2 protein chains.
Amino acid sequence: MRILHTSDWHLGRIFHQFSLIDEQRHALLQIIEAIEVHKPEVVIIAGDIYDRSIPPASAIGLFNEFVDQCIGTLKVPIIAISGNHDGAERLGFAANQLKHSGLHLVTSLDQMQKPITLADEYGDVDFWAVPFHDPAQVADFTGSPQTDFNQAHCSLIEQLPINKKYRNVMISHCYLDGANESESERPLTIGGADRVDWKIFKPFCYTALGHLHQPQYKGQESIRYSGSLLKYSFSEQHHNKSFTMVDIGPDGSNKITLLPLKQRRDLRVIRGTLEELVNAAKDDVNHEDFIQAVLTDSQALLNPMARLREHYPNILELKKERFETRTGQDYARSSEQLKRTDLDIFNDFFEQVHEQKLTEQQTKLLQKTLAAINEQESSS
Amino acid sequence: MRILHTSDWHLGRIFHQFSLIDEQRHALLQIIEAIEVHKPEVVIIAGDIYDRSIPPASAIGLFNEFVDQCIGTLKVPIIAISGNHDGAERLGFAANQLKHSGLHLVTSLDQMQKPITLADEYGDVDFWAVPFHDPAQVADFTGSPQTDFNQAHCSLIEQLPINKKYRNVMISHCYLDGANESESERPLTIGGADRVDWKIFKPFCYTALGHLHQPQYKGQESIRYSGSLLKYSFSEQHHNKSFTMVDIGPDGSNKITLLPLKQRRDLRVIRGTLEELVNAAKDDVNHEDFIQAVLTDSQALLNPMARLREHYPNILELKKERFETRTGQDYARSSEQLKRTDLDIFNDFFEQVHEQKLTEQQTKLLQKTLAAINEQESSS
């Protein structure tokens, strides 16, 4: 049984006021190509298909395109669960009708009581799809109180009518204790009560997880996050995004292959003085990447965002290191910065605009003018 | 071929801050019962399933319940088009997959190029489902300019590959010229360019229309609005809401039966003085209806909404006739109203609170107090 496992698409994500829909389409096309090439028997989407409970129409349109390609053209079924970003009721519309077409949308705890069974030449594989849920929802569903996500998850899995004669695959959207988080995941709760112990997934041949954005496994290789479709924060600049191909053998053993996702425009952090960054752009073939620039200049700068945008058209964020971190030597420098006179600051400004320093005569005139202003201010 | 034709459900409608979802569920259950009893071969929903392009989750849930009952339990297919209130792209998600289950969602002009064909013992019936569209969308689709809705509609219908050997049914969401409108329909455009000539539907055995909320036909009996699910404005208080059962014979002739929709709570206007209305409530078994009260009192009233709500718990709107209509005699009365002194107004107030008139002594004290206040105001 060959499975493609992906998750955390976040279709409709707006990143620093920039719609990522074209990036998302570019990535989904790579998944479609992989389906054509590798011919999996099912595609799993482990939650957070959309970025929010009411996604924009363009995001719904894009998911629709994927479904048409995957199910309509390539005849490969999809099993998808709702994540903490999805609106379960909206996503689950007509789920009972859609499952006959091969689109299995599992968005309620009711639905997860029955496995989705697919067969290969060695027999049946049962897929148990657990939609995202919080302890209160599980308490409501099971009729017994649930103190945290771990207990809630255990309660749900324990009561499943699992048949151990078959190979069993688990699909869940949760935060495994000890796994690596990224800045772009929305916390499930405050204070760590959201963590789930990986050991509860040991009985399954494979566990296809969603929620954390970095591809990784926890405990054993078969308990795995595919990671997100794109880099969704600058903290993920060094992630290698991918999706996962899993071949489950007749004995339930599995072989895992990571299929890389090439980003249409990469997302990265550049660091240096304004002049250094502007100069570096000239030889930078990837100057159209999404950029966060960290400026190390110590003097005042005139509209650095506009200057950088001339060279990096998709710059999204600007940070000034001097004002960001005030520890040790930095703090000393920053204190020096505060000591600079009006004359020093005007000098910086003049130099940037005219690309030359003030002449001696201009300096004298400026000093005189500043003195006059100061005098007027103190007498008023 | 037996058809049930309904439209303009407006699921998720909020009426004077009141959610109508329970009323809508009550009405849909009657349609489900009719499907069980009359066993139609298809249910047509001629647009405006939802009240707005982003409906609340409860409205999506309710439509989902209907679909599960109709298609899942009763095995009757549905053909639905998007109306001017629906968000076409949202409503149309997974339409290609859903049509195999019997849920035909036609929300784009592309889709309408192919009929949905259903067969009875006499042969095929082709259903042509035209989603709501404006002239600009049709111009974009056909590649030729469209001056108004009538021209746009004609262009679309003329180019359909209709096979006259079969019986053909048209489904459309539009405003037929000369038909009766209600206050609760949202205008399609300004100035009458939204009207469509009924004659363009003459070639069809039956035309199932949506948009206008009063059940009615125009031109010929087979060109028909089913009307809305509920009364959606007080102007519709005298409508008899219904849905339509159509039996199409082997020769394309049809027999039409209106199936009444009983409103869970009726919606009506009551008129009289506050005292008259409060007294009438005592014998009014339908005092839980949605009420618009028109008060005919000429004197000032103390919090009449609260007093009426004690007796009519679902009163939604209050109008004061004296302030509403200022023509002829009414205007004269209203002018008189303005001439009333502070003493007269306080008298009204006192009488309502204590249910007795001011005594002579109280009147004198009040006159003295009012005189003192007036004096103080004019001297300050």
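Please read all numbers here as calculations on a predicted model, not as lab measurements.

Analysis parameters
All residue numbers here refer to positions counted from 1 along the written sequence of the relevant chain. For this description, chains carry letters from A and ligands carry numbers from 1, given in the order in which they are written. Only residues with pLDDT of 70 or above have their local features reported here, since the model is predicted, and side-chain atom pairs are shown and tallied only from 80 upward, although totals for entire chains, interfaces and linings are computed over all residues. Note: side-chain values were computed over all heavy atoms of the structure, leaving out hydrogens and water. Counting from the N terminus, the helices are the DSSP runs of H or I reaching at least four residues and the strands are the DSSP runs of E reaching at least two. Residue contacts are counted whenever heavy atoms from the two residues lie within 4.5 Å of one another. All accessible-area figures derive from a Shrake-Rupley calculation using a 1.4 Å probe, and residue coverage is judged against the displayed protein chains alone. In this description, buried area is defined as the sum, over both parts, of the accessible area (probe of 1.4 Å) that is lost when the two are combined. Any carboxyl oxygen of Asp or Glu within 4 Å of a side-chain nitrogen of Lys or Arg constitutes a salt bridge here. Residue polarity follows a fixed list, in which Ala, Val, Leu, Ile, Met, Phe, Trp, Tyr, Cys and Pro are nonpolar, Asp, Glu, Lys and Arg are charged, and the others, Gly among them, are polar. Alignment of copies: least-squares fit on C-alpha atoms of residues with pLDDT of at least 70 in both copies. Helix axes are fitted only over the stretch in contact, all axes being lines through C-alpha atoms; the angle between N-to-C directions runs from 0 to 180 degrees. Angles are sorted into four bins: roughly parallel if under 35 degrees, roughly antiparallel if over 145, roughly perpendicular if 65 to 115, and oblique for all others. Working definition: rings of Phe, Tyr and Trp (its six-membered ring) pair if their centres are within 6.5 Å, and the pair is stacked with planes under 30 degrees apart, edge-to-face with planes over 60 apart, and tilted otherwise. For every residue, the accessible area obtained with a 1.4 Å probe (protein chains only) is divided by the maximum for its type, and the residue is called buried under 20%, exposed over 50%, and partly exposed between those limits. Note: two strands are recorded as paired if DSSP finds a minimum of 2 bridges between them. Orient the strands so they point away from the viewer; a crossover is then right-handed if the path from the first strand over the helix to the second runs clockwise. Here a polar contact is recorded for every N or O atom pair within 3.5 Å, except that within protein the pair must consist of a potential hydrogen donor and a potential acceptor, and residues adjacent in sequence are included only if both atoms are side-chain atoms. Nonpolar side chains (Val, Leu, Ile, Met, Phe, Trp, Tyr) within 5 Å and like charges within 9 Å form the patches, drawn only from residues with over 30% relative accessible area and no salt bridge. Domain boundaries shown here were taken from an automatic or database domain assignment.

(A) Representation of the overall build of chain A. Helices and strands together make up the secondary structure of chain A, namely twelve helices and 19 strands. Each principal axis of the C-alpha atoms in chain A carries an extent, and together these give about 90 × 45 × 35 Å. Counted over contacts in chain A with a minimum sequence separation of 6, partners at least 24 positions apart contribute 68%. Summed over its atoms, the accessible surface of chain A is roughly 18,200 Å², and 49% of this surface lies on carbon and sulfur atoms.

(B) Spatial organisation of the interface of chain A and chain B. Between chain A and chain B, the residue contacts involve 23 residues of the former and 23 residues of the latter. When the area that chain A buries against chain B is broken down by residue, the three leading residues are Arg90(A), Phe93(A) and Gln97(A), summing to 36%. On the surface where chain A and chain B come into contact, there are zero salt bridges. Among the elements of the structure, helix 2 (57–73), helix 3 (88–91) and helix 4 (95–98) of chain A are those that each provide at least two residues to the side of chain A that touches chain B. Residues belonging to the side of chain A that touches chain B are distributed by class as follows: 13 nonpolar, seven polar and three charged.

(C) Highlighting the relation of the copies chain A and chain B. Taken as rigid bodies, chain A and chain B are interconverted by a rotation of 180° and an axial shift of 0.0 Å, the fit giving an RMSD of 0.1 Å. With respect to symmetry, the two chain copies, as superposed, fit the operation of a two-fold axis. Taking C-alpha positions as the reference, the residue of chain A nearest the rotation axis is Leu98(A), at 2.9 Å. In this assembly the copies share their binding face: 100% of the residues contributing to the interface of chain A also contribute to that of chain B.

(D) Looking closely at the packing of helix 1 (residues 21–38) of chain A against helix 2 of chain A. Residues and elements named next belong to chain A. It is at 11 Å that the axes of helix 1 and helix 2 come closest, and there the two elements cross at 10°. When the interaxial angle is binned, helix 1 and helix 2 end up roughly parallel. In this structure, helix 1 uses Ile21, Gln24, Arg25, Leu28, Ile31, Ile32 and Ile35 to contact helix 2, whose residues at the interface are Ser58, Ala59, Leu62, Glu65, Phe66, Gln69 and Cys70. Among the residues forming the contact of helix 1 with helix 2, the class breakdown is nine nonpolar, three polar and two charged.

(E) Fine view of the packing of aromatic side chains. Residues and elements named next belong to chain B. Summed over all chains, the structure comprises 14 aromatic pairs over all chains. Seen in terms of ring centroids, Phe15 and Phe234 are 5.5 Å apart; in terms of plane orientation they differ by 45°. Their pairing is tilted. Of the two residues, Phe15 sits in strand 2 (residues 14–15) while Phe234 sits in the loop between strand 14 (220–225) and strand 15 (242–248), which places them 219 residues apart along the sequence. Assessed through its relative accessible area of 8%, Phe15 is described here as buried. Ring geometry for Phe18 and Phe290: centres 5.0 Å apart, planes at 75°, overall edge-to-face.

(F) Looking closely at the sheet that holds strand 7 (residues 116–120) of chain B. Residue and element names in this part refer to chain B. Ordered by their spatial adjacency, six strands build an open sheet running 7-8-9-12-14-13, and the pairing between neighbours is mixed. One side of each edge strand has no neighbouring strand; the edge strands of this open sheet are strand 7 and strand 13 (216–218). On average, adjacent strands in this sheet sit at an angle of 30° to one another, irrespective of strand direction. As paired strands, strand 13 and strand 14 are joined by three bridges and run antiparallel to one another. In the sheet register, Gln216 faces strand 14, and the bridge partner there is Tyr225.

(G) Local environment of the pairing of strand 5 (residues 78–81) of chain B. Residue and element names in this part refer to chain B. Of the two faces of strand 5, the one lined by Ile78 and Ala80 and the one lined by Ile79 and Ile81 are each fully buried. As paired strands, strand 4 (residues 42–45) and strand 5 are joined by three bridges and run parallel to one another. Note that in strand 5 the partner of Ile45 across the bridge is Ala80. Note that the unit made of strand 4, helix 2 (residues 57–73) and strand 5 has a crossover that is right-handed. Bridging between strand 5 and strand 6 (residues 103–106) involves four bridges; their strand directions are parallel. Its bridge partner being in strand 6, Ile79 is matched across the sheet by His104.

(H) Representation of the side chain of Asp120(A). Residues and elements named next belong to chain A. Mapped onto the elements of the fold, Asp120 is located in strand 7 (residues 116–120). A relative accessible area of 13% means that Asp120 is categorised as buried. At 2.9 Å, the side chain of Asp120 forms a polar contact with the backbone nitrogen of Met1. Reaching out from Asp120, the side chain makes a polar contact with the side chain of Arg167 at a distance of 2.7 Å. Sequence-distant contacts of Asp120, defined by excluding residues within four places in its chain, comprise Met1, Glu41, Arg167 and Ile248.

(I) Spatial organisation of a nonpolar patch on the surface. All names here are of chain A. A surface patch of nonpolar side chains, about 320 Å² in accessible area, is lined by Leu302, Phe346, Phe349 and Val353. The residue Val353 is located in helix 11 (residues 342–354) in this model. On the basis of relative accessibility, which here comes to 41%, the residue Val353 falls in the partly exposed class.

(J) Local environment of the pairing of strand 19 (residues 315–320) of chain A. Here strand 18 (residues 290–295) of chain A runs beside strand 19 of chain A; their pairing, made up of five bridges, is parallel. Within strand 19 of chain A, the position partnered with Ala293(A) by the bridge is Leu318(A).

(K) Up close: the domain arrangement of chain A. All names here are of chain A. Taken domain by domain, chain A comprises domain 1 (2–260) and domain 2 (267–379). Each of domain 1 and domain 2 was reduced to a C-alpha centroid, and the two centroids are 46 Å apart. Domain 1 puts nine residues into the contact, and the matching count from domain 2 is nine residues. Between domain 1 and domain 2, roughly 880 Å² of surface is buried when both sides are summed, and carbon and sulfur atoms account for 76% of that area. For the domain 1 face of the interface with domain 2, the top three residues by lost area are His16, Phe234 and Gln237, together amounting to 61%. The interface formed by domain 1 and domain 2 includes zero salt bridges. Scanning the region where domain 1 abuts domain 2 turns up one residue pair in polar contact (both at pLDDT 80 or more). Within the side of domain 1 that touches domain 2, the residues separate by chemical class into four nonpolar, three polar and two charged.

(L) A look at the pattern of salt bridges. Applying the stated rule across the entire model yields 32 salt bridges over all chains. A salt bridge links Asp194(B) to Arg195(B), with the shortest nitrogen-to-oxygen separation between them at 3.0 Å. Among the residues examined, Arg195(B) registers a relative accessible area of 28% and is labelled partly exposed. The network of salt bridges with common partners includes Asp22(A), Arg25(A) and Glu65(A).

(M) Examining unusual backbone geometry more closely. All names here are of chain A. For His16, which is not glycine, the phi dihedral falls at a positive 50°. As for its placement among the helices and strands, His16 is situated in the loop between strand 2 (14–15) and strand 3 (18–19). Residue classification places His16 among the partly exposed positions, given a relative accessible area of 31%. Positive phi, normally seen in glycine, also occurs at Lys39, with a value near 45°. Among the structural elements, Lys39 can be located in the loop between helix 1 and strand 4 (42–45).

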